[in-house]
Amino acid sequence: MGTHDGHRQRMKTEFLARPDSFPDHKVLELLLFYANPRSDTNPLAHELIEHFGSLAGVLDATPEELQKVKGVGEHAAVLFKVVKELAGRYLTIRTQVDDIAQSSKDYYTLLRPYFFGARNEMLCLLCLDGKHKVLGVRRLGEGNVNAVTVTTRLIAEAALSLNAAGVVLAHNHVSGLAFPSPEDLATTQSLASILSTMSITLVDHLIFVDDDMVSLRDSGYYQP
């Protein structure tokens, strides 16, 4: 067994024994074993984290951005995308519940996975029946959520398709600030008014930023 083989085996054993204690660069080094079967991946792991700022930055980077770093080929770029996709799907599956959601904390738990690692502004809708039972979550697309006519049509179609009595609108701010914009507030009021004509209540409007979330209802910006 060569030096690299011995090192890799020790890393795997150490990881399986204490995965939570593994620092980010070691997790990345270990992951790179599977894209680069021969060379020492430790320097590349350090370089990637330094280049993109964090482990999350590495996983958020596009395949094109990743492959600009010397030593990262298509195998590694695809592997990182697969890991991020798996993590997002895992979170979604773990938080899918067939139960009652009636607080912003409940809505956060259900909707957070849909914004996991999002690089663009996205729009999602949580649909509830009259007893606040979760009927489903619909991802309504990416882009400008303030195009009210498009937003209203998509939301109405999604709510009606699930026979929802109430909906929770959610979108993210890629700016890093969860504070609602004037457009967010105007959209919320306009949408609530239109949905009410269809006997659908806009229960809340959530704004996500990374792991933070603001509820317009809890913050006093909106009262259903």
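Residues numbered from 1 in each chain as written. Predicted model: local features only at pLDDT ≥ 70, side-chain atom pairs only at ≥ 80, totals over all residues. Heavy atoms only, no water.

Peer 1: How would you explain the environment of Leu91 if you had to name every residue and give the values?
Peer 2: Following the sequence through the fold, Leu91 ends up in helix H6 (residues 74-94). Expressed as a C-alpha distance, the spacing of Leu91 and Thr41, which sit 50 residues apart in the sequence, is 28 Å. Apart from the residues within four sequence positions on either side, Leu91 is in contact with Pro113 and Phe116. (Helix = DSSP H or I, 4+ residues; strand = E, 2+ residues; numbered from the N terminus. Contact = heavy atoms within 4.5 Å.)

Peer 1: Explain the packing of aromatic side chains to me, and be specific about the residues and the numbers.
Peer 2: Using the criterion set out here, one finds 4 aromatic pairs in the structure. Ring plane angle 70° and centroid distance 5.2 Å describe the contact between Phe15 and Phe22, whose orientation is recorded as edge-to-face. Judged by its relative accessible area of 6%, Phe22 falls in the buried class. Summarising the aromatic geometry, the rings of Phe179 and Tyr221 are spaced 6.0 Å apart at their centres and angled 90° between planes, so their arrangement reads as edge-to-face. Of this pair, Phe179 sits in the loop between strand S3 (166-172) and helix H9 (182-196) while Tyr221 sits in the segment after strand S5 (212-215), and the two are 42 residues apart along the sequence. On the basis of relative accessible area, Phe179 is assigned to the exposed category, the value being 58%. Three or more aromatic residues joined by ring pairs form one cluster here, namely Tyr108, Phe115 and Phe208. For Lys26, the ring lying beneath its charged end belongs to Phe22, and the centroid distance is 5.6 Å. (Phe/Tyr/Trp six-rings, centres within 6.5 Å; stacked < 30°, edge-to-face > 60°. Buried < 20%, exposed > 50% of the residue type's maximum accessible area, 1.4 Å probe, protein only. Lys NZ or Arg CZ within 6 Å of the ring centre and 35° of its normal.)

Peer 1: Which residues make up the sheet that holds strand S2 (residues 134-142), and what values do they have?
Peer 2: One open sheet accounts for 5 strands, arranged S2-S1-S3-S4-S5; its pairing is mixed. Two strands close off the open sheet at either side, each with one partner strand: S2 and S5. Averaged over all adjacent pairs, the angle separating strand axes in this sheet is 20°, with direction ignored. Docked against the sheet, helix H7 (residues 104-111) engages strand S1 (122-128), S2, S3, strand S4 (201-209) and S5, running at close to 60° with respect to S4. Where H9 meets the sheet, its contacts fall on S3 and S4, and the angle it forms with S4 comes to roughly 155°. (Pairing = 2+ DSSP bridges. Axes fitted to C-alpha atoms, helices over the stretch in contact; angles between N-to-C directions.)

Peer 1: Could you give an account of the pattern of salt bridges, with specific residues and numbers?
Peer 2: Going through the model one piece at a time under the given rule, you end up with 4 salt bridges. The shortest N-O distance in the salt bridge between Arg18 and Glu14 comes to 3.9 Å. For Asp60, the salt bridge goes to Lys84, with nearest N and O atoms at 2.9 Å. Pair noted here: Asp60 is in helix H4 (residues 55-60) and Lys84 is in helix H6, with a separation of 24 residues, a long-range link. Its relative accessible area of 25% is what places Asp60 among the partly exposed residues. The class of Lys84 is buried, set by a relative accessible area of 16%. Overlapping salt bridges, with partners in common, bring together Glu14, Arg18 and Lys26 in one network. (Salt bridge = Lys/Arg side-chain N within 4 Å of Asp/Glu carboxyl O.)

Peer 1: How would you summarise the pairing of S1 if you had to cite specific residues and measurements?
Peer 2: The element S1 is largely enclosed, with a buried count of 7 among its 7 residues. Across 7 bridges, S1 lies against S2 in antiparallel orientation. The residue bridging Cys124 from the neighbouring strand is Arg139, located in S2. With antiparallel pairing between neighbouring strands as the criterion, S1 and S2 make up a hairpin whose turn holds 5 residues, including His132 at a positive phi of roughly 70°. Here 6 bridges tie S1 to S3, and the two strands are oriented antiparallel to one another. Directly across from Cys124, in S3, lies its bridge partner Ala170.

Peer 1: Before we move on, can you summarise the side chain of Asp204 with the specific residues and values?
Peer 2: Structurally, Asp204 can be placed in strand S4. One buried charged residue, Asp204, forms no salt bridge at all, with the nearest opposite charge on Arg217 at 4.1 Å. For Asp204, the side chain forms a polar contact with the main-chain nitrogen of Leu216, separated by 3.5 Å. (Lys, Arg positive; Asp, Glu negative; His and termini not counted. Polar contact = N/O pair within 3.5 Å; in protein donor to acceptor, adjacent residues only side chain to side chain.)

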